[in-house]
6 protein chains.
Amino acid sequence: MFFHIKELQYHAKPEKPDALFAKKLQEILGGQFGEISVALQYLFQGWNVRGNGKYKDLLMDTGAEELAHIEMLATMIARLLDGAPVGDLEKAAKDPVIGAILGGMNPQHAIVSGLGAMPADSVGNRWTADYIIASGNLLADFRANLNAESQGRLQAVRLYETTTDRGVKDMLSWLIARDTMHQNQWIAAIKELEAKENVVVPSTFPRRLEKREVSHVLFNFSRGNESAAGRWAHGTSLDGEGVFQYVEQPQPLAKKPILQPAPSYIHDTPPSVIKNHGAEAPPPHLY
Amino acid sequence: MFFHIKELQYHAKPEKPDALFAKKLQEILGGQFGEISVALQYLFQGWNVRGNGKYKDLLMDTGAEELAHIEMLATMIARLLDGAPVGDLEKAAKDPVIGAILGGMNPQHAIVSGLGAMPADSVGNRWTADYIIASGNLLADFRANLNAESQGRLQAVRLYETTTDRGVKDMLSWLIARDTMHQNQWIAAIKELEAKENVVVPSTFPRRLEKREVSHVLFNFSRGNESAAGRWAHGTSLDGEGVFQYVEQPQPLAKKPILQPAPSYIHDTPPSVIKNHGAEAPPPHLY
Amino acid sequence: MFFHIKELQYHAKPEKPDALFAKKLQEILGGQFGEISVALQYLFQGWNVRGNGKYKDLLMDTGAEELAHIEMLATMIARLLDGAPVGDLEKAAKDPVIGAILGGMNPQHAIVSGLGAMPADSVGNRWTADYIIASGNLLADFRANLNAESQGRLQAVRLYETTTDRGVKDMLSWLIARDTMHQNQWIAAIKELEAKENVVVPSTFPRRLEKREVSHVLFNFSRGNESAAGRWAHGTSLDGEGVFQYVEQPQPLAKKPILQPAPSYIHDTPPSVIKNHGAEAPPPHLY
Amino acid sequence: MFFHIKELQYHAKPEKPDALFAKKLQEILGGQFGEISVALQYLFQGWNVRGNGKYKDLLMDTGAEELAHIEMLATMIARLLDGAPVGDLEKAAKDPVIGAILGGMNPQHAIVSGLGAMPADSVGNRWTADYIIASGNLLADFRANLNAESQGRLQAVRLYETTTDRGVKDMLSWLIARDTMHQNQWIAAIKELEAKENVVVPSTFPRRLEKREVSHVLFNFSRGNESAAGRWAHGTSLDGEGVFQYVEQPQPLAKKPILQPAPSYIHDTPPSVIKNHGAEAPPPHLY
Amino acid sequence: MFFHIKELQYHAKPEKPDALFAKKLQEILGGQFGEISVALQYLFQGWNVRGNGKYKDLLMDTGAEELAHIEMLATMIARLLDGAPVGDLEKAAKDPVIGAILGGMNPQHAIVSGLGAMPADSVGNRWTADYIIASGNLLADFRANLNAESQGRLQAVRLYETTTDRGVKDMLSWLIARDTMHQNQWIAAIKELEAKENVVVPSTFPRRLEKREVSHVLFNFSRGNESAAGRWAHGTSLDGEGVFQYVEQPQPLAKKPILQPAPSYIHDTPPSVIKNHGAEAPPPHLY
Amino acid sequence: MFFHIKELQYHAKPEKPDALFAKKLQEILGGQFGEISVALQYLFQGWNVRGNGKYKDLLMDTGAEELAHIEMLATMIARLLDGAPVGDLEKAAKDPVIGAILGGMNPQHAIVSGLGAMPADSVGNRWTADYIIASGNLLADFRANLNAESQGRLQAVRLYETTTDRGVKDMLSWLIARDTMHQNQWIAAIKELEAKENVVVPSTFPRRLEKREVSHVLFNFSRGNESAAGRWAHGTSLDGEGVFQYVEQPQPLAKKPILQPAPSYIHDTPPSVIKNHGAEAPPPHLY
């Protein structure tokens, strides 16, 4: 169950409006690694944890905080849109700043949301749950979280570089600091799980069931061998289960596949038209 | 530039057809963490590397290999669909296996692709580039890659558990082993970059510009304090830049936001209807 | 800012697992009118209210409650998936219930989410922010909300009819009651705004600027005139601004449009190939 | 069955081209509440009405008219794009109006559609059937329709405010008037159905089956009690079935959920790693 | 402008309900090549024709007919869903036909559309305007249309093969015949345009501006030379502008690209970390 | 299996950066008919060919080449983005070119991809597999391919017209030439298959099973009879199976459909509210 309090976690007030920056700022609200993504990703992971304890609590703590960040960004965007110019380009464009804004602002900020934030990214793609990840395996998911916080902090930093508004920079410097913490915390949690399990996810699948002869091999599929110089091409593997090998010229291990003709009720190109040179034997049992 | 050879990297032949498993297997071909995702993710990361050397080569090596995995899965799925039953449920359902297949197989495998693999997941969602990540920052992106291989291996293992077909299991055990390698290699690359830079992405943003007072703080936003027991709540932070703190009862740092009325040309609810109790001063400059 | 408490708003425990119902129940979690939709719709509307007071508070109250409903449904779905059967169809289908489950359950519940709820609907479409609405005009938006609660309660009722599990029915009867309240509350708020403004949104656009001669006319574009029998075809209009009229045989008011040829740099079909019979005069000013 | 006549329902001719406004105007052609949405929404509702009579006819009348509005907008957009400038920014930008157009127009209008309208919104998102609603329950659906016409008229009014072109304004004033009628007609139909049934959708679900104790309760989940001042918090409920109540401090009614561990074949984090403090009793029957 | 008449173009009545076939039939209503796609594709092409005459008329004729086909399919699907079974699997599955239906029908047909047709395909993906094509170049677009009718007829034929219901087969045999006509008509129109222009689209781009030395060359990028046996590898090219050539071993014509480092404000991996072996000279002018 | 070589198939180097053109160029990389679409379309068609021989080889040859084109475009876009300006509009806009770029460039090129190419189109829509086609019927699919190359060449030509950069023009002239070849080759393959089968896809469905009386009829559904003048309205049909006919005033062949009421558990509007005038007899068998 959730409670909302109306005060913001941190300030979200620009020095002055900037409709073009409002459009860009949407990226970290409703983009692939925006606050909606991390909020719902952590909450879904938390709800799906089978068991209980500190990991579940950590997910719920952080998920609830990200809801507060959505709120801060929505507030900031609305304020950046205060009094956004609309109207005739020909008149307006006498002032090149206004011209650039009229050409460059997100038109949906005026037409659709009435100068409010939208659940969308900086080019107007609506947020989609395709962005989020919750597998039930915590080590896998904490890696997803570390990635999300890495991409998210990178984007916030890039936005910080593109404005001189002190109010915006102040809020971004808060969000960047929180991303620092969140990268730290997921690294801590990952290290703990890796120590208890193994670095390879999932740790519970018996290694003898995989084709161990290729579990630590780098195949060189891009001509030239610069990649042979990396740690991943020699020495003990990171999972402690083998030794890295480098295969300069990978060879195929199976022959050219030739598929059986489709049944006539499928109305593919008739087999008489596609010649089937050297078809392999049919599979043993067709239903 | 790319060359194709017609032989497969590894065998992709089931013991016998199974249209229901064909549908499930689509997940690791065209799902969020399927082979299309990793192939295009690594290739785009590789093409966008500004500079050159072993990291770019490693990305191109692995991206090209994943194209071969798409090919193996497409071949396997077409064979699992050999002679898939269609037709009248009422007759067919006398055999409960056929009935379950008619109800459960992906109808597009018959109607749309003519018993071929589709660029879609196990419920029929078409693959989308929303799944992939390429930021230009290699540490961020290698974390994305480690996550992708973790989720991907987890899904392959779950599929392995749901079939007894020895041909399918053989192919999956190959793919699982390759995911083992790929997790190993991205971990190796991550460790190398973390050692050269720092664990926090991006490493080049001056720490003094972020709100350092909250860079290592865990806020307890979910009632109860199980999360205080974690490594992330005490001791030196993982980035070596501070000490973790735990805040039991987080407080808001900004007051309740009150937004200015919209200009009349936006035709929001008129301000006289929404009473604006205690509005804050307007921003200094409206265009 | 948001706080989470770990207790649920209401019980979410089935009598026993049912993986097929888990799939169906996803509709009201992650479908077009599921709880994610209403939660984010109300929160975005609330954050974007320009002004303050009871409407904003009502939106935040209800938005926060819907977060609790996502949580209840996620919990219920995980429990419905407890120990979901996977494995070989041929063996399993000896029990027709297991067969129907293997054919009918959402395969991503096993492969992707590890027996957890997903941010998706009952056929597996991921949730998208295309579902939600926040325009800045409260009367418009409250109508969106009333629709959402109407569709949502209808779907919950349909789901109630398809199960005999007393635990599921108990939870649904709670959610249905809350939808009753939410329909009531949006109707109350709508009536209040309609009384203050007018029933036509937006109320602030001067009526003299619209083509008033067609503001209260029903055009009969589907042959036969059953629709003439409705209240909308005679009597004073609901906005009190006119009298409804019925036009049996609507006539076009503008002539057949003929577009100018495209510039040659567009490489459309050349004008010599498409004959332009009776082209109208070109527009007065081409940039 | 449908017939098309080539004359337009109303004029669709700008005074002069304006590629930037063409981009914005796409919103009410192919956006969430554009004419494609209402046309297909009304037609699908009409086709799915089980029964016959005036409601079905009204839906078909209005759906067919909206097809004519798509046509008007498509024609207007093509004319606004007449001779749209393309070419080198550096040369063009000497004229700031051209510069703003080159930066701001939708590039797909030149590259993809050859200066024609697109089935997309003002930021280029393609139209999707996620936007439309047809449930089989007419009261629910007429509320969806009232919302669509409210949002649609609001957007048309906002567009009207951003242009001085008399041809565009003329067409918009027609469309705005038709939206006035359509809001009126859906309100009339809603009132009729509410009088026959009840205001709560669906009216056929027995009230005794819902948890009546919370059917008329407002839970205060956002700190502060401004929302207590509304009509929804006191007095007889709008459905005439109860009395509104306001709960200042809502309490959870169910305890903290603890989920059973996943079966081993799911390969979640092992239960030994996630400690399961105080797990509840397992459900009675696992398949 | 459009008129609707309530009679159907052709019969749409099954012998008896079949909820599973209703789901499959959605493919040709709301799938990639369903009737919504062709209706809107032809209408948008027609509206965007710059000029007038028989091609535009043909597009409008056919577009309007496809609206009638949507209507027939929507009617058929609603009838196939008449009285669709819902309810408890455990009881129902005693009848294996009911069991297969409960597992296999589209749950949204019951929960969302109330036993009505949906604007979606056979796996539940909602229709999207990503499916349609209108470029302004008629030869290009008529090829798109020929493809759409080819895929569409193929899918209708595959559906015809999977049912024994005489009512369904009767309607499909009508739709298949119309697809026969539509393939014929687009072929006729294509031949006419190819005769007037050239077979290569667009015909108006001066051939001297393309790299003519590769305009008729087949590069053998898949090892083995079966493709050398085709008409495309020898003889006069189909456009009459050259002679086909076959290149057995294609060579790259440009050297390995090495990208300049990103500016520091982008915060990519620092150049010192990615070594830039042999970087090429920087581009001449950076803004 | 695939090999990558690091050299490019052809040069991809602009004279100088141009962030606005980089945005536009995305269309033929990641748009509906961009290189990702053709690469994956040809590869999926190739993998799904049931049989073997020259058609499959041709598909794999061309699919592999298109991967090289993705690579060229990705490289070109990264170079066009070299040193792209970011920063404060107010300062920057003193130079109108910079102003137009700041307003007009794709903000994700800076924020998300770090000045790299994205798998997206020119307005930022991410690539989706909804764009591609692989049916198993080669004649159908080669028509899809001919369309893709026609649309693709058209778009490349339009882009060619909008730049004066000689490096960009050089690369485009290569891609345009390759599209010339690909149109030629698919036409050659289509002619061959049409000669072996028939022009109507699929050729294997017995003509007597379709309603032959409407297989060659043009129905005039758009008032006015310009379309009667076309080849499609008279003479022998292109499939040689009939004679084209033109029906000036098409009549419906089925009566007005009236659907049965929904079962009560669906909770549609009750039949007593929707009057069912003259309902037809119920279908013979409701499950």
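For chain A, an unreviewed UniProt entry supplies the name Manganese catalase and the organism Bacillus swezeyi. The UniProt entry for chain A carries this comment under Sequence similarities (unreviewed entry): "Belongs to the manganese catalase family."

Turning next to the interface of chain A and chain B. Across the boundary between the two partners, chain A contributes 123 residues, which contact 123 residues of chain B. When the two sides are added together, the surface that chain A and chain B hide from each other amounts to roughly 10,700 Å², 64% of it contributed by carbon and sulfur. Taken together, the connections running from chain A to chain B amount to four salt bridges. Seen at the junction of chain A and chain B, the total is 60 residue pairs in polar contact (both at pLDDT 80 or more). Listing elements by their share of the side of chain A that touches chain B, those giving two or more residues are helix H3 (54–80), helix H5 (96–104), helix H7 (138–160), helix H8 (166–196) and strand S2 (217–219) of chain A. Top contributing element to the side of chain A that touches chain B by residue count: H8(A), with 16 residues. Taken together, the residues of the side of chain A that touches chain B break down into 63 nonpolar, 29 polar and 31 charged.

Take chain F, turn it by 180°, move it 0.0 Å along the axis, and it overlays chain E with an RMSD of 0.0 Å. Both copies of the chain, as the preceding transformation shows, are related through a two-fold rotation axis.

This part takes up the UniProt feature "binding site: Mn(2+) 2" (unreviewed entry) in chain A. All names here are of chain A. Taking the UniProt record as the reference, the feature "binding site: Mn(2+) 2" (unreviewed entry) is found at Glu66. As for its placement among the helices and strands, glutamate 66 is situated in helix H3. Not counting chain neighbours up to four residues away, the residues in contact with glutamate 66 comprise Glu35, Val38, Ala39, Tyr42, Glu149 and His182.

Turning our attention to the pattern of salt bridges. Counted by the stated rule, this structure contains 100 salt bridges over all chains. When the shortest N-O distance is used, the salt bridge between Asp57(C) and Lys6(A) registers 2.7 Å. Of the two residues, Asp57(C) is situated in helix H3 (residues 54–80) and Lys6(A) in the loop between strand S1 (2–4) and helix H1 (19–30); the pairing between them involves two chains. Accessibility classification places Asp57(C) together with Lys6(A) in one group, the buried group. Taken together, the salt bridges that share partners define one network made up of Arg153(A), Arg207(B), Glu210(B), Arg212(B), Asp239(B) and Glu241(B).

Here we come to the UniProt feature "binding site: Mn(2+) 1" (unreviewed entry) in chain A. Residues and elements named next belong to chain A. Under the UniProt annotation, the feature "binding site: Mn(2+) 1" (unreviewed entry) is placed at Glu35, His69, Glu149 and His182. Over a stretch of 148 residues, the named residues converge on one spot in the fold, their C-alpha atoms separated by at most 13.3 Å. Using a relative accessible area of 7% as the deciding quantity, one classes glutamate 35 as buried. Setting aside residues no more than four positions away along its own chain, glutamate 35 makes contact with Ile28, Leu29, Glu66, His69, Ile70, Leu73 and Leu175. Within the element layout of this structure, histidine 182 appears in helix H8. We classify histidine 182 as buried; its relative accessible area is 1%. If we skip the residues at most four places from it in the chain, histidine 182 touches Thr62, Glu65, Glu66 and Glu149.

Take the interface of chain F and chain E next. Contact residues are listed per partner, giving 123 residues for chain F and 123 residues for chain E. At the junction of chain F and chain E, the tally comes to four salt bridges. Linking chain F with chain E are 60 residue pairs in polar contact (both at pLDDT 80 or more). Mapped by element, the contributors of at least two residues to the side of chain F that touches chain E are helix H4 (54–80), helix H6 (96–104), helix H8 (138–160), helix H9 (166–196) and strand S2 (217–219) of chain F. Tallying contributions element by element places H9(F) first for the side of chain F that touches chain E, with 16 residues. The residue inventory of the side of chain F that touches chain E, partitioned by class, reads 63 nonpolar, 29 polar and 31 charged.

Look at the two chain copies: a rotation about an axis and a shift along it is all it takes to match them. The operation relating chain A to chain B is a screw motion whose rotation component is 180°, with 0.0 Å of axial translation and a residual RMSD of 0.0 Å. Looking at chain A, 100% of its interface residues are interface residues in chain B too, so the copies touch through the same face.

Moving on: helix H8 (residues 166–196) of chain C. Residue and element names in this part refer to chain C. Under the 1.5 Å per step criterion, the end-to-end length of H8 is 45 Å for 31 residues, consistent within 8% with the ideal 45 Å. Most of H8 sits inside the fold, with 24 of its 31 residues counted as buried. Two or three places before glycine 167, at the opening of H8, aspartate 165 has a side-chain oxygen 2.9 Å from that residue's backbone nitrogen.

The next thing to look at is the side chain of Asn48(E). By secondary structure assignment, the location of Asn48(E) is in helix H2 (residues 35–48). The exposure class of Asn48(E) is buried, given its relative accessible area of 4%. Not counting residues up to four positions away in its chain, the partners in contact with Asn48(E) are Leu259(C), Gly116(D), Ala117(D) and Ala134(E).

What follows concerns the packing of aromatic side chains. Using the criterion set out here, one finds 73 aromatic pairs over all chains in the structure. Ring plane angle 50° and centroid distance 5.6 Å describe the contact between Phe3(A) and Phe221(D), whose orientation is recorded as tilted. One end of the pair, Phe3(A), is in strand S1; the other, Phe221(D), is in the loop between strand S2 (217–219) and strand S3 (245–247), on a second chain. When the centroid spacing of 6.0 Å and the interplanar angle of 75° are considered together, the rings of Trp127(F) and Tyr131(F) count as edge-to-face. In textbook terms, an aromatic cluster arises when at least three aromatic residues are bridged by ring pairs, as seen for Phe3(A), Tyr10(C), Trp174(C), Phe219(D) and Phe221(D). Positioned above the aromatic ring of Tyr160(C) is the side chain of Lys169(C), whose terminal nitrogen or guanidinium carbon lies 4.1 Å from the ring centre.

A residue-level look at chain A finds 94% of positions with pLDDT of 70 or above and a mean pLDDT of 93. With pLDDT under 50 throughout, residues 278–283 of chain A is counted as low confidence; its partners more than four residues away or in other chains account for 14 contacts.

What follows deals with unusual backbone geometry. In this structure, Pro202(A) follows Val201(A) across a cis peptide bond, with omega equal to -15°. Its identity as a non-glycine residue notwithstanding, His267(B) has a phi of 60°, on the positive side. By the element assignment, His267(B) lies in the segment after strand S3 (245–247). Using a relative accessible area of 4% as the deciding quantity, one classes His267(B) as buried. Non-glycine residue Leu115(E) carries a positive phi angle of around 65°. Within the secondary structure, Leu115(E) is located in the loop between helix H6 (107–111) and helix H7 (138–160).

The rules we used
Residues numbered from 1 in each chain as written. Chains lettered and ligands numbered in written order. Predicted model: local features only at pLDDT ≥ 70, side-chain atom pairs only at ≥ 80, totals over all residues. Heavy atoms only, no water. UniProt positions renumbered as here; feature names shortened; annotations may be inferred. Contact = heavy atoms within 4.5 Å. Buried area = accessible area lost by both parts, 1.4 Å probe. Salt bridge = Lys/Arg side-chain N within 4 Å of Asp/Glu carboxyl O. Polar contact = N/O pair within 3.5 Å; in protein donor to acceptor, adjacent residues only side chain to side chain. Helix = DSSP H or I, 4+ residues; strand = E, 2+ residues; numbered from the N terminus. Nonpolar A, V, L, I, M, F, W, Y, C, P; charged D, E, K, R; others polar. Least-squares fit on C-alpha atoms with pLDDT ≥ 70 in both. Buried < 20%, exposed > 50% of the residue type's maximum accessible area, 1.4 Å probe, protein only. Expected span 1.5 Å × (residues − 1). Phe/Tyr/Trp six-rings, centres within 6.5 Å; stacked < 30°, edge-to-face > 60°. Lys NZ or Arg CZ within 6 Å of the ring centre and 35° of its normal. pLDDT = per-residue confidence, 0-100.

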